[in-house]
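# Residue-level structural notes
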Amino acid sequence: MTQTRPPEGLEPVHELDLFQVHNRPPAGQVSLRLNIRGRSVSLRRFHRPPRGLLRWLLILGPGLIASSAGNDAGGIATYSSAGARFGYDLIWVMVIITISLAVVQEMCSRLGAATGRGLLDLIRERFGLGWSFFAMGILFIANSGIVVSEFLGIGAAAELFGISKWLVVPVAAILLWYVVIFGSYAWVERIFLVMTLVFFAYPVAAILARPDWGEVAKGAFLPTLDLDQEYIFLLVGLLGTTITPFMQLFQQSSTVERGVARRHYGPEKVDAYAGAVFSNLISITMIIATAATLHRAGQTRIESAADAARALEPAAGQAASTLFAVGLLGASLLAGAVLPLATAYAVSEMLGTPKGVSLDFRRAPLFFGLFTGLIFFGAVLALIPGLPVLEWLVAVQVLNGVLLPIMLIFILRLINDGQLMGRLKNTRLYNVLGWGTFILITTAVVIMLGSQVLTMLGIIPQ
Amino acid sequence: MLMLSELMRFRVIDANGDTTKLTDLALGKLDTDYPLVTHMLYRQNQEVERVLPWSAVKGIDKAKRLIGVESYRGAKELDTPGQPVRLHRDVLDALILDLQNRRTTRANDLWLEQKKGQLHLMAADTSARAMFRRLFRRGYHEKDRSHLYDWKYIEFLRGDPEAVETGARYHRRITRLPPGEIAHLTATIPYLHAAELLSLLPEQLAADTLEVMSPERQLQVFEEFDEAFALKVLELMAPDLAADIVGHLDIELAQYYLNRLPKASGQRIVDLLKYPANTVGGIMTNDVVTVPLHLKIGKARPALREKLKEPDFVYFIYAVEEQPPHRLRGVLSLRQLLTAEDDQTVEEMMNPYLLALSPFDSPTEAGYRLLNSQLAALPVVGKEGELLGTVSIDAAVSQVAPRGWRAQAPKVFS
């Protein structure tokens, strides 16, 4: 007769042979020997972080999401426009800016871990109410523009599928709103992220399109400066879409949200670095793929999403447009949910009002009002007939580029505050790289604005 | 009645008509209901900030926006920039805990009042109007004062756990709240503020509060405690929850604490750490009340009185053999112990027919068994029948409940 469990409760407890079952620890349990009060004890309850690759994969999180959301509708539009118009000429900007992006994102991550607070929060506490409203205004303008561009992206993807944007954009807006407020957003976020994996088609397309790698290398490592207005406009756009104020806000608050403490910050740097390198590699291949197809074929202007999708033809052939649409939809939905949510969080946090999707409209009116308002605003503006989609997308990135130096000043001043940061304060190298980024972007913005003023005054011919 | 934002636009003037710019106000002790402004800070042109005792103030002219002082004699240069707490630099815009409404908010403005020549901090204005007043430099003319929160019920945190150590004073009215509410409040503030808040609680309350916090937050906050406080909190926590924390620390730090904890509580935690987290041993507690098998109830009662004061779980009393390995023989409920006759023995009263768990059983299965049995706890027994600990209904619920509910599951036995 086999018996899996002793007859407990039927015989006195001391008469039971209890340990026919489960008298050994489950397989695969690692024990640690520690010396406690002079005796060596074997302990099994210690939580050991996974080793090797898995450990690093687990660290990846906010950085990857922020950067995937960075390769959104606006990003694709800007990278594709740069590739189509100027071929490989602008790749050098991306190479330089990868370092800048990594540095900026890492600084925000570090600010979050060292203080446990969001970016706007810190700005209010350290620089006062006026500056925090100023920063909030900037983020608001930048983020509202991006939300509109996400819905434009959703509309464009829908039309590539042959479905009217008039149907898809409102449905997507309601869906995003509902999922974030009532559903399990964490689960949906994974679907959106998986959809963006489609953009791995870009590296493939970039290789299959047989670009002139010598030219690519020249574009990447030999900076060229063209005083052509469009060149500078796109250059600022590239800076703005790659290092977006929103990404810094998001990186910092998700580091806080993930509960990264200052004592364990070290390995978390990898997330910011990996996110930056990963996203910019994809961006660079977008430029290469577009340059090797559209630019080479003489098409230097991208008028629609369908044009941009043609860059994927070497990899996907006939399916290029569908593939592109899936990726665009995923990236736009991802950013379309993350952006209003992050904005509402940051603003509520700064103002000290209740926040969080677990509350309701009555308890957190500002938080829900902002979130709903941003989605509504984005969807409605995206449906305005005759809105020049591609121009809008690129213009929003340029606006981001203009606003970026202001956010960078706040970040750099905060991260050098010894009282706030303690031993996580910026090192000299980081300061050189951080201020270098600031100077790079400011110079580009000043040249762009200057050349536009000069054009308006008629000094530079149009 | 004065709002700080208005006062900050005032100038300081002495009897000779020399004017300077008010830059901040410094508070005295913060452990009173309405802290007193003890000093003012001012600056003349671009010179360094100087400090003047508030007692030098003769009067405040609101219409002319002037603070009149006898003279600037007695003013000093600021020597310790960190101390004391300053209203404009530290309190205004800071995160504050509004204990009346159990919420975290921000001090958008501060209401000060003069009483007998002294200036007191009376309330915090948390309204949106206060922000706009400041942004547009408007005066305070509101009749409705419902947005002013009495400073008596506000806990001001600095976001630095070490502030508690450096002698910065706190109101500590929060210590009147139950641990669950304090834990709930800490969930809405940054982890450094939470660590600061717990550090200023009495040790037992801090331990109880830490027990009901979410596991991630527990660890973040615990790691910010200073060593002596951390050791005391570990000692006072239920051993199973303390083992959870120690099991997540870096190995060197865990070993350091385990070697310095008082022997009894340290041993209890070490015993629990021997079992993997995904087993019954990983969720049980070993802080249980036992009684020798052959003791008379009349003698057991006074002997147990002291023991019953400490452990969290006292509903069941386990009868064990006097001789090692102290095998488990039965269980008595607290009610049975109180109602039994004095000359009966424990053995006569106890229930010997027990459901028992093995330390390496699956915790989920054990959770279901416990819930199905409708008992408050099941004992966990070792190889030789010795009592190792019990799995209480709290632990069972947190195994079986959906993830989102676990934090809200009541802690019956703590």
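Higher on the page you've got the structure.
Residues numbered from 1 in each chain as written. Chains lettered and ligands numbered in written order. Predicted model: local features only at pLDDT ≥ 70, side-chain atom pairs only at ≥ 80, totals over all residues. Heavy atoms only, no water.

Glancing now at the sheet that holds strand 17 (residues 328-333) of chain B. Residues and elements named next belong to chain B. Across the sheet, which stays open at both edges, the 3 strands sit in the order 15-16-17 with mixed pairing between neighbours. Unpaired on one side and paired on the other, strand 15 (289-292) and strand 17 mark the two borders of the sheet. Strand-to-strand twist of the sheet, defined as the mean angle between neighbouring strand axes without regard to direction, takes the value 35°. (Pairing = 2+ DSSP bridges. Helix = DSSP H or I, 4+ residues; strand = E, 2+ residues; numbered from the N terminus. Axes fitted to C-alpha atoms, helices over the stretch in contact; angles between N-to-C directions.)

With that out of the way, let us pick up the nonpolar core. All names here are of chain A. Ranked by internal contacts, the top residues of the largest apolar core, which has 143 residues, are L90, L120, F151, Y202 and F324. Of all the elements, helix 16 (residues 320-351) adds the most residues to this core, at 19 residues. Non-local contacts of L120, meaning those with residues more than four positions away in its chain, are made with S132, A135, M136, L139, L249, A346, V347 and M350. (Core = buried A, V, L, I, M, F, W, Y, C linked by side-chain atoms within 4.5 Å. Buried < 20%, exposed > 50% of the residue type's maximum accessible area, 1.4 Å probe, protein only. Contact = heavy atoms within 4.5 Å.)

Here the focus is the packing of aromatic side chains. For the structure on display, the rule yields 19 aromatic pairs over all chains. For the ring pair A:F133 and B:F132, a centre distance of 6.2 Å and an interplane angle of 65° mean the geometry is edge-to-face. With A:F133 in helix 6 (residues 129-160) and B:F132 in helix 3 (residues 128-135), the pair connects residues from two separate chains. Since its relative accessible area comes to 17%, A:F133 is described here as buried. A centroid spacing of 6.5 Å and a plane angle of 70° characterise the contact between B:F316 and B:Y318, whose relative ring orientation is edge-to-face. A relative accessible area of 12% means that B:F316 is categorised as buried. By relative accessible area, which is 1% here, B:Y318 ends up buried. Through a chain of ring-to-ring contacts, three or more aromatic side chains come together here, namely B:F222, B:F225, B:F229, B:Y256 and B:Y257. (Phe/Tyr/Trp six-rings, centres within 6.5 Å; stacked < 30°, edge-to-face > 60°.)

Here we come to the packing of helix 3 (residues 73-86) of chain A against helix 11 (residues 229-242) of chain A. Residue and element names in this part refer to chain A. At a minimum axis separation of 10 Å, helix 3 and helix 11 run at an interaxial angle of 150°. Two packed elements cross with a definite hand, and for helix 3 against helix 11 that hand is left-handed. Between helix 3 and helix 11, the residues in contact are G74, G75, T78, Y79, S81, A82, R85 and F86 and E230, Y231, L234, G237, L238, T241 and T242, respectively. Partitioned by chemical class, the residues of the contact of helix 3 with helix 11 number 6 nonpolar, 7 polar and 2 charged. (Left-handed = near helix turned anticlockwise from the far one by under 90°. Nonpolar A, V, L, I, M, F, W, Y, C, P; charged D, E, K, R; others polar.)

Right, let's get into the side chain of B:E196. All names here are of chain B. Within the element layout of this structure, E196 appears in helix 6 (residues 191-199). Although buried, E196 forms no salt bridge, and the nearest oppositely charged side chain, R158, lies 4.1 Å from it. Here G159 takes part through its backbone nitrogen, which lies 2.7 Å from a polar atom of the side chain of E196. Residues in contact with E196, not counting those within four places in the same chain, are L157, R158, G159, D160, P161, A163, V164 and Y170. (Lys, Arg positive; Asp, Glu negative; His and termini not counted. Salt bridge = Lys/Arg side-chain N within 4 Å of Asp/Glu carboxyl O. Polar contact = N/O pair within 3.5 Å; in protein donor to acceptor, adjacent residues only side chain to side chain.)

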